[in-house]
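Residue-level structure breakdown
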Amino acid sequence: MSFPARITDSHCHLDFSEFEGELGNVVARAADRGVHRMVTICTRLAAEPAIRAIAEAHLPVFYAAGTHPMSVAKEPMADPETLVSLSAHPKFVGIGESGLDYHYTRDSIAAQQESLRIHVEAARRTGLPLVIHARDADEDMARILTEEHRAGAFSCVMHCFSSGPSLAERALELGFYLSMSGIAAFPGSAALRQIFAAAPIDRILLETDAPYLAPPPNRGRRNEPAFVADTARVGAEVFGMDYKEFADRTEENFERLFAKAAAWRN
């Protein structure tokens, strides 16, 4: 199949060891499939300089930074001032990923919730979108996001969305976005595809979460930004669109939410 439209991988991890020594080829393969832009995500603030360097070295790459909920117990607690200061970089376009993960790290629930609220404050102060990770924490996530939004508006994407319909509905009610990863393309993900199909098309983003969660036909392999085109193909089917129409709509959505990336000029 040809890929007649440009698309963005809104969430990947190009600093991970799986890509060591290969970034030039990874970016080139993405371009070959129409993936003209990607956001690489910092999960530990100690790694921010290395991730910033990747964005500086590769024209299509932007970045976001924060403390992943699974890292909160092992890393110094972030503070809004640090995140706001880091956001001055021209290719820094989002806050996070932050969020709640009760699957592997229930022992740090209180710290995760504190960290999440810190990242929300940084998103408010910078005007940049908050990048949210949510796993097995739907009720607390909905509650905290609602409380924080009432305290002061901010923008947000629910990255790699694979939670239940109630969290999807609450996120959409708050004006947030849902990001479609390779999970949505897995054969066993029919219920998740139904959640996406019920969402407004103007709230959908695309991502890989590379190097994880490669969609078919590459499931089980290392994921990379080029493969977001395979998720886009499935997304087009979910929304009853041709590939180009769906790609164009998700590009509009990305540029509305990540306005700093859209406005960036070399």
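For the structure, see preceding data.
Reference entry: report on the structure contained in this document. In this text the structure is predicted, and so the values were computed from the model without any measurement. (Residues numbered from 1 in each chain as written. Predicted model: local features only at pLDDT ≥ 70, side-chain atom pairs only at ≥ 80, totals over all residues. Heavy atoms only, no water.)

1. Comments concerning the nonpolar core
- If you look at the biggest cluster of nonpolar residues, it comprises 74 residues, and the most contacted ones within it are Met158 and Leu178.
- The element best represented in this core is helix α4 (residues 109–126), accounting for 5 residues.
- Setting aside its immediate chain neighbours within four residues, Met158 contacts Ile132, Met141, Leu145, Leu167, Ala171, Tyr177, Leu178 and Ser179.
- Formed by 13 residues, the second largest nonpolar core is a distinct cluster that contains Val39, Ala64, Val131 and Phe254. (Core = buried A, V, L, I, M, F, W, Y, C linked by side-chain atoms within 4.5 Å. Buried < 20%, exposed > 50% of the residue type's maximum accessible area, 1.4 Å probe, protein only. Helix = DSSP H or I, 4+ residues; strand = E, 2+ residues; numbered from the N terminus. Contact = heavy atoms within 4.5 Å.)

2. Description of empty space enclosed by the protein
- Taken as a whole and judged by the stated rule, the model has 3 cavities of 30 Å³ or more.
- The calculated volume of the largest cavity comes to roughly 40 Å³.
- In this structure, the largest cavity is lined by Thr8, Ser10, Leu205, Leu206, Thr250, Glu251 and Phe254.
- Going through the elements one at a time, β1 (7–12), β8 (204–206) and α9 (243–257) are the ones with two or more residues in the lining of the largest cavity. (1 Å grid on protein atoms, 1.4 Å probe; cavity = no way out; pocket = protein on both sides within 12 Å on 5 of 7 lines; lining within 4 Å. Points joined across faces, edges and corners; volume = space filled by probe spheres on them.)

3. Considerations on the pairing of strand β5 (residues 130–135)
- Across the 6 residues that make up β5, a large majority, 5, are buried.
- When strand β4 (residues 92–101) meets β5, the two strands line up parallel, connected through 5 bridges. The residue of β5 that forms the bridge with Gly99 is His133.
- What joins β4 to β5 is α4, and the crossover it makes is right-handed.
- The sheet contact formed by β5 and strand β6 (residues 156–158) spans 3 bridges and is parallel. The partner of Val131 across the bridge, within β6, is Val157.
- Once you follow β5 into helix α5 (residues 138–151) and on to β6, the crossover reads as right-handed. (Pairing = 2+ DSSP bridges. Right-handed = clockwise from strand over helix to strand, strands pointing away.)

4. Some details on the pattern of salt bridges
- Taken as a whole and assessed by the stated rule, the structure comprises 21 salt bridges.
- Across the salt bridge formed by Glu22 and Arg222, the nearest N and O atoms sit 3.1 Å from each other. Residue Glu22 is found in the loop between β1 and α1 (23–32), and its partner Arg222 is found in the loop between β8 and α8 (228–238); the two are separated by 200 residues along the sequence.
- Take Arg222: its relative accessible area is 23%, and that puts it in the partly exposed class.
- A salt bridge links Lys244 to Asp248; the shortest N-O distance between them is 2.8 Å. Separated by 4 residues within a single helix, Lys244 and Asp248 lie in helix α9, roughly one turn from each other.
- Bridged by salt links that share partners, the residues Arg117, Glu121, Arg124, Asp140, Arg143, Glu147 and Glu148 form one connected network. (Salt bridge = Lys/Arg side-chain N within 4 Å of Asp/Glu carboxyl O.)

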